[in-house]
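In case you want the letters, here they are:
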Amino acid sequence: MHPSLSVIGQRRDFLAANRGLRVARPGFVLLAHPNGGKGKRYGITVTKKIGNAVVRNRMKRRFRELLWDALPGEGLADHDHILIGRDAGVERDFASLRSELSAALERAAQGKGDRPRKPHRQRSRRA
């Protein structure tokens, strides 16, 4: 791991990053959010929709290596970077994931994110 990177461990930081810039790619979704001078930080999320524990852990290891490789040089200063795994990211080769991450970080640096997500509709209590 690079000494200038730190890991996001608290849920509130993950929730705050969800309000930031969102860049979707076939293998993952990148969230970038300013963190108020805490340096370059990263977090990884892979849900149970992706596969069993073995598959999810493999995906997290690959994402960790991607971030360690890319963030020191290409990451946004004083931002939280979160990768959310997608189903297509499991079988993608490392080189294509790396190029997608570079493109996503470049797009985030320009301030060009994807459309904002629609607000989540609350279900009524009776439903």
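Residues numbered from 1 in each chain as written. Predicted model: local features only at pLDDT ≥ 70, side-chain atom pairs only at ≥ 80, totals over all residues. Heavy atoms only, no water.

With that out of the way, let us pick up the pairing of strand 5 (residues 79-85). Among the 7 residues of strand 5, 6 are classified as buried, and the element is accordingly described as predominantly covered. In terms of strand pairing, strand 4 (residues 40-45) meets strand 5 through 5 bridges, oriented parallel. Note that in strand 5 the partner of Ile44 across the bridge is Leu83. Once you follow strand 4 into helix 2 (residues 53-74) and on to strand 5, the crossover reads as left-handed. (Buried < 20%, exposed > 50% of the residue type's maximum accessible area, 1.4 Å probe, protein only. Helix = DSSP H or I, 4+ residues; strand = E, 2+ residues; numbered from the N terminus. Pairing = 2+ DSSP bridges. Right-handed = clockwise from strand over helix to strand, strands pointing away.)

This part takes up the sheet that holds strand 3 (residues 28-34). Spatial strand order, 1-4-5-3-2: 5 strands in an open sheet with mixed pairing. The sheet is open, and its two edges are formed by strand 1 (5-7) and strand 2 (21-24), each paired on a single side. Pairwise comparison of adjacent strand axes, ignoring direction, gives a mean angle of 25 degrees for this sheet. Relative to strand 4, strand 1 is paired through 3 bridges, and the arrangement is parallel. Its bridge partner lying in strand 4, Val7 is registered against Tyr42. Relative to strand 4, helix 2 is tilted by about 160 degrees, and along the sheet it contacts strand 1, strand 3, strand 4 and strand 5. Across the sheet, helix 3 (residues 94-109) touches strand 2, strand 3 and strand 5, and the angle it forms with strand 3 is around 35 degrees. (Axes fitted to C-alpha atoms, helices over the stretch in contact; angles between N-to-C directions. Contact = heavy atoms within 4.5 Å.)

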